[in-house]
Structure formats: C-alpha cells, structure tokens
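Residues per chain, in single letters:
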Amino acid sequence: MRASHLEDFYQFLRFPSVSTDDHYTEKVTECGHWLVEKLTKIGLSAKLCPTPGHPVVWAHNKQQPGRHTVLIYGHYDVQPPDPVRLWDSPPFEPVLKNGYVFARGATDNKGQILSHILGVQEQIEAAGDLPVNLHFVIEGEEEIGSANLGNFLSQNRKALKPEIVVVSDTGMISRGVPTMSYGLRGVAALELKITGPKMDLHSGIYGGAVANPLTAMARLLATLHDANGHITIPGFYDEVLPLEDWEREMWRKIPVNVDEEIVKETGVPELFGEKGFSTLERIWARPTAEINGFGGGYQGQGTKTVIGREAMAKLTFRLVPNQNGDKIIALVQEYLQKNCPPGVKLDMAAGHAGPWYLTDPHSQYGEAAQRALKKAFERDPVLIREGGSIPIVSDFRDILGAETLLLGLALPDCRAHSPNENFPLENLDAGIRINKAVLQEIAA
Ligand code: BES
Ligand code: ZN
C-alpha cells in the first residue's frame, strides 16, 4: 500500500459527511469538494453538481467512440456516528489497528469507492488512459434514500449512457472470499404517532379512565408479527417471489457457517426469524417488518407516574421481489388503522422508499465481473444476494437502461452503521485490483 493512498483515505474519512443531520451540511459539501479535487488530480474532468439536497460528484475521462462505457457509483455521505461514547477512538479521526482503519464511513462507503478511484489513478499513471469510457457518480444522499439522484440521472442520461454500472457498496461473505451480489432488498419507511389526552396526565387521577397511548402503541406494534416471526398483515406476502431451486442449492454450498458467525458478531443469545427458512433465505429473500424506534412518556431518571400524551414509533419494511413499496405501505396502514386500540388516535406518515433489485449474475457483464473477481483474489467468486438496500440501483436500470454489478468489499465484522466501523487495508488493495480487472474484462 502506497503511503499516499493511505493519506488519501485518512483525509477522506476526516470529513464528517453525515447526510441526515443539518448540522453537518457544510461538511458534506466540503467532502464533495475534496473528491472533485482528488478526481481532477488523477486526470479526470470532475465537477460538483448541486441538487436541492447534497451535491453529486461527477467525473469522467475523455469519451472515445468504440469503447464500452462504464459508470462507477458510490456515496460519500455517512451515517451518524452515534452513540459516540461507544467508539474506542473518535469516529472522524481515523486510526490504523492491526491492518484495519477505524472511522465512520471506512467501509460504508469511503474505503470502497476510494479503492476504485485509486485503481483508476494507477491505470492512468501506468497507461495514460483507461480501457473504457468511464464516469464516476458519487452522491451525498445514499444514506437518506437518494432523493435527488434520480433527477440527476434523468437530466444527464444522454451524457452518461453507461452500458453497465459498477458498485462496491455491498458485502463479502467472508474475508478473502470474492463475492458478487445479484440482488438487494428494497426498503419502505412508515412513522406512527398515537395521541390520547391533550396533555400529560397524573396516572393516579386519570389511570383507569383514559387509554394510555404508550400501551396502545405497544399493543399495536405487537400485531405486526406472530410468535413464529411471520408478518401478520393480510396480503403482505402475496407478491413475494419464491426462491428458485438453483439459488437455494447454491446458497446451501456457501462455505461459511452464517448462523455461527452472526451469533458471534452480534452477541445475541440465539438467532430468531421467520420459521421455515434458513438464515440466509430470511436475510436475502424474505421481507421483514422492523421497529427502528419506539418512544414517548417519561424517559428520565427515576419514576414518574404519568400517562404520556403521545407515543411514536418508526418502522421500516425490507422488501423482496416482486413486492411494491407503495402497495405494502398502503396494506400496512390499513391493517394498523383497523387494529388500533380504542381511546386513542393513530396518525401515519410514509417515509423514504427504495425498490429491491435482482439481476442475472450470468449475463455477459456478470460473467466479466466474475472473471475480474477471480483475477483479483485468485479464487472463485461466490454469488449471493444482500439484505441491505441501495435505492438508486433500480434507477440505473429504469432511467439509464443499465444493469449493476455489485462487487462488495464490506466484511461481516465491518460494523457499518455501528460504533467502531472499520475497513481493512487489505480490501483497499483488493478494491484497486478489482477496479483494474473489471475495467479490463468489460473492455475485452
Ligand atoms: N451499503 C449499504 C447497503 C448495504 C448494506 C448493502 C448491507 C448490502 C448489505 C448502504 O449504504 C445502506 O446502508 N443503505 C440503506 C438504504 C436506506 C437508508 C434507504 C439501508 O440499506 O438501510
Ligand atoms: Zn449505509
């Protein structure tokens, strides 16, 4: 690893480019500027494109007729570092320990997108140009649902016109095992608010006479699943595409004991999920309903005998082929409204949403990507789907007409979105090799 590569990585990580929190808006833009400068320095035409939200970084080499056109996508925004006190070192002061760099965004997605930039840098240094027409599109709003990137793609469709998109923002099944993902789950968000009395009440004076909004919320949320982890909303599973036999077979042969790994990594006493499916099937091919936040009432020290005036909950649903996010949110709203306990009022607001993605890993470019992974790791790649979501990937198909190769570098213990997020330098190197190999294989 060149010292200058490591220095680039550290500089990139020092920007607290948290997209969801207005306090960081300026830092997000500064990080975008840094990328433009870096991409310009390595010989690309780069600019920062404003949007109603955070800006998009766009860079390209000189487009020449007769060459394949590739778009490499990534994001420079990161999740909030909270809870900060659970980090072993400050989240925006990268440190290297045993070959791993610790910082917010190290894996998701700065290390991964930087490896592509460094790969391009090395190729231009060595050969003066790349074997393909290349665009980098690096956005600042992935972690909040990519609300403005679709527009950017529509507006610049003619200039971009990629035949294929390359994204490294997914996982590797295990360290050293090259992994291509051919599917992502979608996501749809819903916020709930239950209100009762017009103010917080003394629970001795009013307890027994009025419904408690927090109790109502707890009862309501408990109607989402049955005891077997199955979602109880009528129609929720109607459009779910059953797994194909070849997939179930292939996933059974994956050389990792996923159940053991998850127990070890997360510290849960045992795994739990929808009965009748393996862990990988549940994460990659089954939808879920998650309560991401739930609150109200008194949360301070000691006790307070109070009936809170309102309760809130934040839900997200992970979606799989062929579920439709809008339809699912409508089903959920109807079901919750019907099941809301008496004496309170329920209000709901749909949040951001992103569709699922499924592509053919054996397409012409899929095969090229697999050859590239094999070259980069000197080992046969494993084909997986993912439980996470990258909402813009379906827009690459719908707006640009291009499929996406998901060549992830995140390790199972990378702690993305958690304290002590990290990325091994070994994978920064691997990403550089993947970048070179995949551009060459696509060009061939
Ligand atoms: N890199 C992740 C997506 C991901 C996570 C892919 C795990 C594969 C495995 C991405 O940055 C992310 O976190 N996406 C969000 C999207 C959401 C905010 C719309 C997600 O999946 O929660
Ligand atoms: Zn993320």
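Here, every reference points to the structure presented above.
To start, this report covers the structure provided alongside it. The structure presented is a predicted model; accordingly, all values stated were derived computationally and were not measured.

A look at helix α11 (residues 325–339)
Compared with the 21 Å implied by 1.5 Å per residue over 15 residues, the 21 Å span of α11 between its first and last C-alpha is a close match. Among the residues making up α11, those that are buried are G325, I328, I329, V332, Y335 and L336. Across the axial projection of α11, the buried residues extend over an arc of 130°, all falling on one side. Turned more than 90 degrees away from the buried face of α11, the exposed residues are D326, K327, E334 and K338.

Details of the coordination of the zinc ion (ligand 2)
Distances from the zinc ion (ligand 2) to its protein donors, D108 (OD), E143 (OE), E143 (OE) and H417 (NE2), fall at 2.0 to 2.6 Å. For the zinc ion (ligand 2), the 6 donor atoms are set out with angles of 54 to 159° between them, so the coordination reads as irregular. Each donor residue of the zinc ion (ligand 2) lies on one chain, and together they are spaced D-x34-E-x273-H. With a gap of 309 residues between them, D108 in helix α3 (residues 106–127) and H417 in the loop between β18 (403–406) and β19 (422–424) connect regions that are remote in the sequence.

Quick notes on the pattern of salt bridges
Summed over all chains, the structure comprises 23 salt bridges. E441 is paired through a salt bridge with K375; the nearest N and O atoms lie 3.4 Å apart. Within this pair, whereas E441 is found in helix α14 (residues 425–443), its partner K375 is found in helix α12 (residues 364–377), the two being separated by 66 residues in sequence. Looking at K375, the relative accessible area reads 44%, which means it is partly exposed. If you follow the salt bridges from partner to partner, you end up with R2, E122, E125 and K436 in one network.

Focus: the side chain of D169
Secondary-structure assignment places D169 in the loop between β7 (164–167) and β8 (179–181). Among buried charged residues, D169 stands out as having no salt bridge; its nearest opposite-charge side chain is R318, 10 Å away. Only 3.1 Å separates the side chain of D169 from the side chain of H75, close enough to count as a polar contact.

With respect to the sheet that holds strand β14 (residues 310–319)
What links the strands of a sheet is backbone hydrogen bonding, and the strands pair in either a parallel or an antiparallel sense. On the basis of which strands lie adjacent, the open sheet formed by 4 strands has the order β12-β14-β10-β15 and antiparallel pairing. In the strand order of this sheet, the two ends are held by β12 (288–296) and β15 (345–354), each with one partner. Along the sheet, successive strands turn relative to each other by an average axial angle of 15°, direction set aside. Bridging between β12 and β14 involves 8 bridges; their strand directions are antiparallel. Bridging across to β14, G293 finds its partner in K314. Packing of α11 onto the sheet brings it into contact with β10 (186–195), β14 and β15, and relative to β10 it is tilted by some 25°.

How each quantity is defined
- Residues numbered from 1 in each chain as written.
- Chains lettered and ligands numbered in written order.
- Predicted model: local features only at pLDDT ≥ 70, side-chain atom pairs only at ≥ 80, totals over all residues.
- Heavy atoms only, no water.
- Helix = DSSP H or I, 4+ residues; strand = E, 2+ residues; numbered from the N terminus.
- Expected span 1.5 Å × (residues − 1).
- Buried < 20%, exposed > 50% of the residue type's maximum accessible area, 1.4 Å probe, protein only.
- Arc of directions from axis to C-beta.
- Donors = N, O, S within 2.8 Å, 3.2 Å for Na, K, Ca; no water.
- Tetrahedral: all angles 85-135°; square planar, octahedral: opposite > 155°, others 65-115°.
- Salt bridge = Lys/Arg side-chain N within 4 Å of Asp/Glu carboxyl O.
- Lys, Arg positive; Asp, Glu negative; His and termini not counted.
- Polar contact = N/O pair within 3.5 Å; in protein donor to acceptor, adjacent residues only side chain to side chain.
- Pairing = 2+ DSSP bridges.
- Axes fitted to C-alpha atoms, helices over the stretch in contact; angles between N-to-C directions.
- Contact = heavy atoms within 4.5 Å.

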